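Here is how the chains run, residue by residue.
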Amino acid sequence: LQAYTLLETRHLIEARPKSGFFVRARVADLVPAPKSPAGVQKTMEFTEVDPLDVLLEDRAGARLTPLGLAVPAPDLLPGVKLARTLAAVARKLGPSGAAYDEAAGAEALRTEIARRSLQWGCALKPDDLVITVGATEALSLALRAVCQPGDSIVVEAPTYFGITRMAHDLGLRALPVVVDSDHGIDVEALKKTLRDHRVAACVLTPNFHNPVGFAMADERKKHVIEMLSRRRVPLIEDDVYGDLPHAGPRPRCMKAFDASDSVILCGSYSKTLAPGYRIGYIAAGRWRKAVLDLKRSASLSGPLLLNLAAAEFLRNGGYDRYLRHVRQIYGEQIARMKEAVVDCFPKGIRLSRPRGGFLLWCELPPAVDSIKLFHSARAAGISIAPGPLFCPRGGFRHFIRLNCGQTWNAQMERSIGILGHLARKIEKS
Ligand SMILES: Cc1ncc(COP(=O)(O)O)c(C=O)c1O
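Structural notes, computed from the coordinates. (Residues numbered from 1 in each chain as written. Predicted model: local features only at pLDDT ≥ 70, side-chain atom pairs only at ≥ 80, totals over all residues. Heavy atoms only, no water.)

**Let's talk about the site of the ligand**
As a matter of local geometry, the ligand sits amid G134, A135, T136, Y160, N210, D238, V240, Y241, S268, S270, K271 and R278. In this structure, an oxygen atom belonging to the ligand sits 2.5 Å away from a side-chain N or O atom of T136. One of the side-chain N or O atoms of N210 is found 2.7 Å from an oxygen atom in the ligand. About the coverage of the ligand: the protein hides 93% of its 400 Å² of free accessible area. Judged by its atoms lying within 2 Å of the grid points, the ligand is housed in the largest pocket. (Near = heavy atom within 4 Å. Polar contact = N/O pair within 3.5 Å; in protein donor to acceptor, adjacent residues only side chain to side chain. Areas by Shrake-Rupley, 256 points an atom, 1.4 Å probe, with all protein chains shown as cover. 1 Å grid on protein atoms, 1.4 Å probe; cavity = no way out; pocket = protein on both sides within 12 Å on 5 of 7 lines; lining within 4 Å. Sits in = over half its atoms within 2 Å of the grid points.)

Next comes the structure, spelled out in structure tokens:
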């Protein structure tokens, strides 16, 4: 009975009166994946406010259902244990805990990350790593180390909006290359872009991509690296979600196949430990000195106590146990979200099939303008991320990204119902 109750809570079976328990049909599994739009995206101007500015101001505790930003619910992060670790580390260090950290970041933390890199297929040494303020600083350092203002870089379409905005702020021209919903970057389209343009770097998120959720197969990773290194184009790899497969082993990084030292690996613990601790890292290979110099001039060093607390947690805090637990939860939350979306949204939607992480990419019927949906959803107390944010030149006008990192509950279910209603209204208007 306990097993049945658990399966029912997880929405895997349903009780039918006087008949018993039955495996629930997962209608959402039959929904097709979003299509990659052919060709270059159309330029798009935000007529009113830039939704990204609005979205980035969303904070935990705001009275909005948080489906917009890619953040896990605080109760799904090991915050309490981490805070205890931080207090113990601070007590032990006493006044010396207030010292500057070294520019590369505490050796204890680099050692733990290097140890974990064996699982990514990389075998990094502590000295290969520089600790950064989240993956954001890692990506910024990487771009600044390999590009000059005016250069062109390849980005995925769609891609994480932080990369697009960073490229813009650094005076870089972002060339979007479409991705396949299940397999990752379109290799033929990438080849053509590399042939037609002088490209200074390529930025990819091969493991549980934001927003689409695919994980590239190892063969494709190898193929893309060979293609880039033949043309001497450095690859900046963003691996923020790599630790979060829903099942099976952790995927390898592209850096694991980097025979010509042309991959800069960026990552962080923002999605798995604490976004606010800002623990990120970069393994920059031959650009390490350039990255370290840039890091010194930008911020001298990172916060010593937070870095040491993260090191201690990775060493002793049950990080792997925590991951095993939360990976499964994210898989289930995505499944619940998909079912609710299929139930409530207009006919003809397409949904991504993430194999890790906690994001869902939805293609709505073409008549549903996601910027309009963004504004009307906000007025109804729901935050979502509209598609045009995920491409440097807009496009993806009828796509939205939904954050499934929040614990599934009645408020979520209600919010998806309201979103579906609003989408239908826009479709008919
Ligand atoms: C793909 C991707 N890269 C980088 C980041 C930024 O990570 P951090 O919070 O560690 O700076 C995010 C955050 O959402 C992300 O989704």
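**A closer look at unusual backbone geometry**
In this structure, P158 follows A157 across a cis peptide bond, with omega equal to 5°. For P158, the position within the fold is in the loop between β5 (152-157) and α6 (161-169). Geometrically, the link from N210 to P211 is a cis peptide bond, its omega value of 10° lying close to zero. At R232, a position not held by glycine, the phi torsion is positive, near 55°. Summarising the element assignment, R232 is placed in the loop between α8 (218-230) and β9 (235-238). Among the residues examined, R232 registers a relative accessible area of 76% and is labelled exposed. (Helix = DSSP H or I, 4+ residues; strand = E, 2+ residues; numbered from the N terminus. Buried < 20%, exposed > 50% of the residue type's maximum accessible area, 1.4 Å probe, protein only.)

**Overview of the pattern of salt bridges**
The full count for this structure, using the stated rule, is 20 salt bridges. Across the pair K289 and D293 runs a salt bridge whose closest N-O atoms are separated by 2.8 Å. Of the two residues, K289 and D293 are both situated in helix α9 (residues 288-299); the distance of 4 residues between them amounts to about one turn of the helix. Several salt bridges converge on common partners, so that one network encompasses E14, R16 and R24. (Salt bridge = Lys/Arg side-chain N within 4 Å of Asp/Glu carboxyl O.)

**Let's talk about the sheet that holds β5**
Strand order in the open sheet made by the 8 strands is β4-β11-β10-β9-β8-β5-β6-β7, with mixed pairing throughout. Here the strands that pair on one side only, and so sit at the sheet edges, are β4 (129-133) and β7 (184-185). Pairing between strand β10 (residues 263-268) and strand β11 (residues 279-283): 4 bridges, direction antiparallel. Within β11, the position partnered with G267 by the bridge is Y281. (Pairing = 2+ DSSP bridges.)

**A word on α9**
Under the 1.5 Å per step criterion, the end-to-end length of α9 is 16 Å for 12 residues, consistent within 8% with the ideal 16 Å. Taken together, the buried positions of α9 are V291, L292 and K295. All buried residues of α9 lie within an arc of 100° about the axis, which places them on one face of the element. Within α9, the exposed residues directed more than 90 degrees away from the buried face are K289 and S297. Remark: L300 follows α9 within two positions and exhibits a positive phi of approximately 65°. (Expected span 1.5 Å × (residues − 1). Arc of directions from axis to C-beta.)

**Quick word on the pairing of strand β1 (residues 13-16)**
By the bridge criterion, 4 bridges tie β1 to strand β2 (residues 20-23) in an arrangement that is antiparallel. Counterpart to R16 in the pairing with β2 is G20.

**Some details on the packing of aromatic side chains**
Scanning the entire structure with this criterion turns up 12 aromatic pairs. Where Y269 meets Y319, the ring centres are 5.7 Å apart and the plane angle is 70°; that geometry is what we call edge-to-face. With a gap of 50 residues between them, Y269 in the loop between β10 and β11 and Y319 in helix α11 (residues 319-344) connect regions that are remote in the sequence. In this pair, the class of Y269 matches that of Y319, namely buried. If you follow R16 out to its NZ or CZ, it ends over the ring of F22, 4.2 Å from the centre. (Phe/Tyr/Trp six-rings, centres within 6.5 Å; stacked < 30°, edge-to-face > 60°. Lys NZ or Arg CZ within 6 Å of the ring centre and 35° of its normal.)

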